[in-house]
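Chain by chain, the residues run as shown.
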Amino acid sequence: GRGFAEVPGEEIMPFQYSDLPEHPVTGVKRPTDRLPPGDGVIRWNEVFGLLAEKGYTGLISYEAPNPALWARSPYEVCREGFERTQALIAEATRGA
């Protein structure tokens, strides 16, 4: 959600994101259980709302470390991530 509230907007570099399952894998260097935006427990209204509050206009980068996603067409995974992200940002910034 708002876990990065203390970070000034100008100090945020490319914002990399994915969703998390309810019980994410821990204790591994590179977890591969990440989900498409909106499929997990991340509070996207808070995340994207906070980025908007900070005036962040930099890059955002959806990452998809998950073998189930790797088995799909990269084009489809990217398209799905893009469309879901657009919808989540629109919802988070509605009325802003």
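Residues numbered from 1 in each chain as written. Predicted model: local features only at pLDDT ≥ 70, side-chain atom pairs only at ≥ 80, totals over all residues. Heavy atoms only, no water.

### A word on the pattern of salt bridges
If the charged atoms of two oppositely charged side chains come close together, the side chains can form a pair. According to the stated counting rule, one finds eight salt bridges in the structure shown. Through salt bridges with shared partners, one network takes in Asp39, Arg72, Glu80 and Arg84. (Salt bridge = Lys/Arg side-chain N within 4 Å of Asp/Glu carboxyl O.)

### Quick notes on helix α3 (residues 74–93)
A rise of 1.5 Å per residue sets the reference length of α3, with its 20 residues, at 28 Å; its end C-alpha atoms lie 28 Å apart and thus fit the reference within 8%. Check the buried side of α3 and you find it contacts β1 (15–17), α1 (44–53), β2 (60–62) and α2 (67–70). Gly95 sits one or two positions beyond α3 and adopts a positive phi of about 85°. (Helix = DSSP H or I, 4+ residues; strand = E, 2+ residues; numbered from the N terminus. Expected span 1.5 Å × (residues − 1). Contact = heavy atoms within 4.5 Å.)

### Notes on the packing of α1 against α3
One way to put it is that α1 packs onto α3 with a least axis distance of 8 Å and a crossing angle of 70°. One element, α1, and the other, α3, form an angle in the roughly perpendicular class. Residues Trp44, Asn45, Phe48, Gly49 and Ala52 of α1 form the contact with α3, whose participating residues are Thr85, Leu88, Ile89, Glu91, Ala92 and Thr93. In terms of residue class, the contact of α1 with α3 is built from six nonpolar, four polar and one charged. (Axes fitted to C-alpha atoms, helices over the stretch in contact; angles between N-to-C directions. Parallel < 35°, antiparallel > 145°, perpendicular 65-115°, else oblique. Nonpolar A, V, L, I, M, F, W, Y, C, P; charged D, E, K, R; others polar.)

### Observations concerning the environment of Glu22
Mapped onto the secondary structure, Glu22 falls in the loop between β1 and α1. Considering only alpha carbons, one finds Glu22 and Glu46, 24 residues apart in sequence, at a separation of 17 Å.

### Observations regarding the nonpolar core
In terms of nonpolar packing, the biggest core is built from 16 residues, with Phe4, Phe15, Phe48 and Leu51 touching the most fellow members. Per-element accounting of this core gives the leading share, five residues, to α1. (Core = buried A, V, L, I, M, F, W, Y, C linked by side-chain atoms within 4.5 Å. Buried < 20%, exposed > 50% of the residue type's maximum accessible area, 1.4 Å probe, protein only.)

### Some words on the side chain of Ser18
Here Ser18 is to be found in the loop between β1 and α1. Here Ser18 is in contact with Arg34, Leu35, Ile42, Trp44, Tyr62 and Glu63, once residues within four sequence places are set aside.

### A few points about the packing of aromatic side chains
Taken as a whole, this structure holds six aromatic pairs when the rule is applied. Centre to centre, the rings of Tyr17 and Phe48 are 5.8 Å apart; their planes meet at 85°, and the pair counts as edge-to-face. Placement of Tyr17 in strand β1 and of Phe48 in helix α1 is noted, with a sequence separation of 31 residues between them. Since its relative accessible area comes to 6%, Tyr17 is described here as buried. Relative to Phe48, the ring of Trp44 lies with its centre 5.2 Å away and its plane at 20°, an arrangement referred to as stacked. Here Trp44 and its partner Phe48 are both found in helix α1, four residues apart, which amounts to about one turn of the helix. The exposure class of Trp44 is buried, given its relative accessible area of 6%. Note on Phe48: relative accessible area 4%, which makes it buried. (Phe/Tyr/Trp six-rings, centres within 6.5 Å; stacked < 30°, edge-to-face > 60°.)

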